[in-house]
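So the chains spell out like this:
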Amino acid sequence: ITDHGAEAIRIALSINSITLQMLNLARNQIGDAGAVAISRALEKNTALRVLNLNNNQIGDAGVGAIFAALLTNKTLRELNISYNQIGDPGAQAIGETLLTNTALQELNLRKNEITDLGAIALGRGLSINVSLQELNLRDNNIGVAGDKAILDALKHNITLQRFIGNNDNDTY
């Protein structure tokens, strides 16, 4: 559907905010502009519970817009943004939102471009987040410092039930 189709979906979600609960937009070549359009719908939509944006072309600007929308959206529970192009600035935006978001329960960030800097920002948000129950960070570029930040955050987090870390040995 690309970015152009994402704009049409934004319009539909804005009109039809009381019925659609799950939206799968995986493998649709959605980039940052499309993610921004979707974020505008998330600001108003009160029904959507599950959003799959797996395997698109969303980068830091797009994920930043989505997570800015999640500062006010209280209904989205599951977000899959795996296999995209999210780096440390995007991870920092996610970490900031995790500080206050109380709705998101599952977040899949597998196979992006997050390094230690992004993992440290995620750890800050994760340490006080009270809703996230599952986090997948597998196949990113997180090193020892990032792993430590996430593991330190897990010591303070009381809601996370499943954590899939950067490699096969980091599943808790």
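Above this text you will find the structure in question.
My aim in this report is to walk through the structure given alongside it, one point at a time. (Residues numbered from 1 in each chain as written. Predicted model: local features only at pLDDT ≥ 70, side-chain atom pairs only at ≥ 80, totals over all residues. Heavy atoms only, no water.)

## Looking at the pattern of salt bridges
Reasoning step 1: If you walk through the whole model with that rule in mind, you get six salt bridges.
Reasoning step 2: Measuring nitrogen to oxygen at the nearest pair gives 4.0 Å for the salt bridge that ties Arg162 to Glu134. Within this pair, whereas Arg162 is found in strand 6 (residues 162-164), its partner Glu134 is found in strand 5 (residues 134-136), the two being separated by 28 residues in sequence.
Reasoning step 3: Owing to a relative accessible area of 25%, Glu134 belongs among the partly exposed residues under this scheme.
Reasoning step 4: Connected through salt bridges with shared partners, the residues Glu7, Arg10 and Arg40 form a single ionic network. (Salt bridge = Lys/Arg side-chain N within 4 Å of Asp/Glu carboxyl O. Helix = DSSP H or I, 4+ residues; strand = E, 2+ residues; numbered from the N terminus. Buried < 20%, exposed > 50% of the residue type's maximum accessible area, 1.4 Å probe, protein only.)

## Things to note about the environment of Asp147
Reasoning step 1: Looking at the element boundaries, Asp147 is found in helix 6 (residues 144-156).
Reasoning step 2: Residues Asp147 and Asp116, 31 residues apart in the sequence, show an inter-C-alpha distance of 7.6 Å.

## Considering unusual backbone geometry
Reasoning step 1: In this structure, Thr2 is a non-glycine residue whose phi angle is positive, near 60 degrees.
Reasoning step 2: With respect to the helices, strands and loops of the structure, Thr2 is situated in helix 1 (residues 2-15).
Reasoning step 3: Exposure remark for Thr2: the relative accessible area of 33% places this residue in the partly exposed category.
Reasoning step 4: We note that Tyr83 has phi near 55 degrees; this positive angle belongs to a residue other than glycine.
Reasoning step 5: Looking at the secondary structure, you find Tyr83 in the loop between strand 3 (78-80) and helix 4 (88-98).

Honestly, that's just the spatial picture; any functional story needs more than this.
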